[in-house]
Amino acid sequence: AQKVTQAQTEISVVEKEDVTLDCVYETRDTTYYLFWYKQPPSGELVFLIRRNSFDEQNEISGRYSWNFQKSTSSFNFTITASQVVDSAVYFCAPWMNAGNMLTFGGGTRLMVKP
Amino acid sequence: GAGVSQTPSNKVTEKGKYVELRCDPISGHTALYWYRQSLGQGPEFLIYFQGTGAADDSGLPNDRFFAVRPEGSVSTLKIQRTERGDSAVYLCASSRDLNSPLHFGNGTRLTVT
């Protein structure tokens, strides 16, 4: 069975602060994918990133960056210079080959105050 | 292009009634998924289709839940004898193929009174 832990249920920051959302997963697979999704108050789930377990290079996309550490089974997400529009629930979701599906964590609710 | 479309957006039904929830995936996407999201929780997997067949229905909570995708495109999730505990947002997603990102619809909010 696979398990995803997003230990931070809620984070509150002030605009322009940097914030890191943690994700730890369990897997027996040697190859897998990792995803992050954003769910703003409107409710739709928005795809942010997919990483292959073979590629441990950190990735940066604008104000977003991801730190993948295979040795500790973590895939953390950092937002630099947060903005009010970043307020949402963020989900980490591993894709394991055995299941052919995304398994979502409980999510981290990020509140960015002006 | 058009995204994943789910209808209705909201459904209120009485306990014991039958409901159908519809999902129109992105054109050309072969994989289709149903998830259920309760308040304050992450989406939970229900079932996925590869083409017309249900490749994995291990997430369906019991035999009151059933889903079909007869022509490999539109899918319908069917719930019989609804219970108050079935109240949740039902999310549909499609992907071009396995391992590709899932594109989610806006969901159907089901309320069983």
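As shown above, the structure is provided for reference.
To start, this report covers the structure provided alongside it.

Reading the values: the criteria
Residues numbered from 1 in each chain as written. Chains lettered and ligands numbered in written order. Predicted model: local features only at pLDDT ≥ 70, side-chain atom pairs only at ≥ 80, totals over all residues. Heavy atoms only, no water. Helix = DSSP H or I, 4+ residues; strand = E, 2+ residues; numbered from the N terminus. Contact = heavy atoms within 4.5 Å. Buried area = accessible area lost by both parts, 1.4 Å probe. Salt bridge = Lys/Arg side-chain N within 4 Å of Asp/Glu carboxyl O. Polar contact = N/O pair within 3.5 Å; in protein donor to acceptor, adjacent residues only side chain to side chain. Nonpolar A, V, L, I, M, F, W, Y, C, P; charged D, E, K, R; others polar. Pairing = 2+ DSSP bridges. Axes fitted to C-alpha atoms, helices over the stretch in contact; angles between N-to-C directions. 1 Å grid on protein atoms, 1.4 Å probe; cavity = no way out; pocket = protein on both sides within 12 Å on 5 of 7 lines; lining within 4 Å. Points joined across faces, edges and corners; volume = space filled by probe spheres on them.

Residue and element names in this part refer to chain A. Structurally, the position occupied by Thr5 is in strand β1 (residues 3-5). Along the sequence, Thr5 and Leu45 sit 40 residues apart, while their C-alpha atoms lie 19 Å from each other. Setting aside anything within four residues of it in sequence, one finds Thr5 in contact with Asp22, Cys23 and Val24.

Let us look at the interface of chain B and chain A. Each partner contributes to the interface: chain B provides 18 residues, whereas chain A provides 18 residues. Roughly 1,500 Å² of surface becomes buried between chain B and chain A when both sides are summed, with 58% attributable to carbon and sulfur atoms. Broken down residue by residue, the surface that chain B buries against chain A is led by B:Asn99, B:Pro101 and B:Phe104, which jointly contribute 35%. Summed over the shared surface of chain B and chain A, the number is zero salt bridges. Here chain B and chain A share three residue pairs in polar contact (both at pLDDT 80 or more) between them. Every element with two or more residues in the side of chain B that touches chain A is listed here: β4 (31-37) and β5 (44-50) of chain B. Considered class by class, the residues forming the side of chain B that touches chain A number ten nonpolar, seven polar and one charged.

This brings us to the sheet that holds strand β7 (residues 65-68) of chain B. Adjacent strands of a sheet pair through backbone hydrogen bonds, lying either parallel or antiparallel. Residue and element names in this part refer to chain B. Spatial strand order, β1-β3-β8-β7: four strands in an open sheet with antiparallel pairing. Of all the strands in the sheet, the pair left with one neighbour each is β1 (5-7) and β7. Geometrically, the sheet is characterised by an average inter-axis angle of 15 degrees between neighbouring strands, direction not taken into account. Looking at chain direction, β1 and strand β3 (residues 19-24) are connected through three bridges and run antiparallel.

Attention now goes to the layout of surface pockets. Empty space within the largest pocket amounts to approximately 660 Å³. Every residue lining the largest pocket is counted, 33 residues in all, and those nearest its centre are A:Gln39, A:Arg109, B:Gln37, B:Leu39 and B:Arg109. Contributions of two or more residues to the lining of the largest pocket are made by β10 (88-96) and β12 (108-113) of chain A together with β9 (88-95) and β11 (108-112) of chain B. Per element, the largest residue contribution to the lining of the largest pocket is four residues, and it comes from β12(A). Residue composition of the lining of the largest pocket, grouped by class: twelve nonpolar, 18 polar and three charged.

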